[in-house]
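# Summary of structural features
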Amino acid sequence: MKHDKVRFEDVYEIVRRIPKGKVATYGQIASMLGSIRWARIVGFALHSNPDGKLTPCYRVVNKDGRVSDAFIFGGKNRQIELLTSDGIEVKNGCVDLRKYQWRPTED
């Protein structure tokens, strides 16, 4: 999926593939789109997400597993609540990536 630029819909398509109980990082999604350098663009796309039910952007965390302070659909506490309802343990605003990071090759 190598492009010269990122389309938000491409970001959303990848995020829709993250299974319940798993998370991905902004950089991971950017790499899947063709360049780790697009991680901030992935964040911008998710902050512009028009439909949180269709595209579960709450399953995306930063490179350290930290949730977003500016989660678009209700803030940090709401993101934690949604992750917890998926069965993901969140401690001090962080997810253990060794345990919960999505590995598409394992699908």
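Parameters and conventions
- Residues numbered from 1 in each chain as written.
- Predicted model: local features only at pLDDT ≥ 70, side-chain atom pairs only at ≥ 80, totals over all residues.
- Heavy atoms only, no water.
- Axes fitted to C-alpha atoms, helices over the stretch in contact; angles between N-to-C directions.
- Helix = DSSP H or I, 4+ residues; strand = E, 2+ residues; numbered from the N terminus.
- Parallel < 35°, antiparallel > 145°, perpendicular 65-115°, else oblique.
- Contact = heavy atoms within 4.5 Å.
- Nonpolar A, V, L, I, M, F, W, Y, C, P; charged D, E, K, R; others polar.
- Buried < 20%, exposed > 50% of the residue type's maximum accessible area, 1.4 Å probe, protein only.
- 1 Å grid on protein atoms, 1.4 Å probe; cavity = no way out; pocket = protein on both sides within 12 Å on 5 of 7 lines; lining within 4 Å.
- Points joined across faces, edges and corners; volume = space filled by probe spheres on them.
- Salt bridge = Lys/Arg side-chain N within 4 Å of Asp/Glu carboxyl O.

Time to look at the packing of helix H1 (residues 8–17) against helix H3 (residues 39–47). Remark: H1 packs on H3, axes separated minimally by 9 Å, with the N-to-C direction vectors making an angle of 85°. When the axis of H1 is compared with that of H3, the two are roughly perpendicular. Residue-level contacts link Phe 8, Val 11, Tyr 12 and Val 15 of H1 to Ile 41, Val 42, Phe 44, Ala 45 and Leu 46 of H3. Each residue belonging to the contact of H1 with H3 can be placed in one class, and the counts come to nine nonpolar, no polar and no charged.

On to helix H2 (residues 26–33). Taken across its eight residues, H2 has six buried, putting it largely inside the fold. Those residues of H2 hidden inside the fold are in contact with H1, strand S1 (24–25), H3 and strand S2 (60–61). A positive backbone phi angle near 130° is found at Gly 34, which sits one or two residues after H2.

Another point: the layout of surface pockets. Taken as a whole, the largest pocket spans an internal volume of roughly 280 Å³. Around the largest pocket, the lining is made up of 15 residues, and of these Tyr 26, Ala 39, Val 61, Asn 62 and Lys 63 lie nearest the centre. Mapped onto the lining of the largest pocket, the elements with two or more residues apiece are H2, H3 and S2. For the lining of the largest pocket, the leading source of residues is H3, giving three residues. In terms of residue class, the lining of the largest pocket is made up of six nonpolar, five polar and four charged. Quantified by volume, the second largest pocket comes out at close to 150 Å³. Taken together, Gly 52, Lys 53, Cys 57, Tyr 58, Phe 71, Phe 73, Arg 78 and Leu 82 form the lining of the second largest pocket. Counted by class, the lining of the second largest pocket contains five nonpolar, one polar and two charged residues.

As a further point, take the packing of H2 against H3. Viewed as axis vectors pointing N to C, H2 and H3 meet at an angle of 105°, and their least axial separation amounts to 8 Å. What the angle tells us is that H2 and H3 run roughly perpendicular. Residue-level inspection shows Tyr 26, Gly 27, Ile 29, Ala 30 and Leu 33 of H2 in contact with H3, the latter providing Ala 39, Val 42, Gly 43 and Leu 46.

Our focus in this paragraph is helix H4 (residues 75–85). All buried positions along H4 are accounted for by Gly 75, Gln 79, Ile 80, Leu 82 and Leu 83. In this structure, the buried side of H4 is in contact with S2, strand S3 (90–91) and strand S4 (94–95). Positive backbone phi, at 90°, marks Gly 87, one or two positions downstream of H4.

Quick look at the pattern of salt bridges now. Using the criterion set out here, one finds eight salt bridges in the structure. Where Glu 81 meets Arg 78, a salt bridge forms, and the shortest distance between an N and an O atom there is 2.2 Å. Here Arg 78 and Glu 81 lie together in helix H4, a separation of three residues that amounts to about one turn. Owing to a relative accessible area of 32%, Arg 78 belongs among the partly exposed residues under this scheme.

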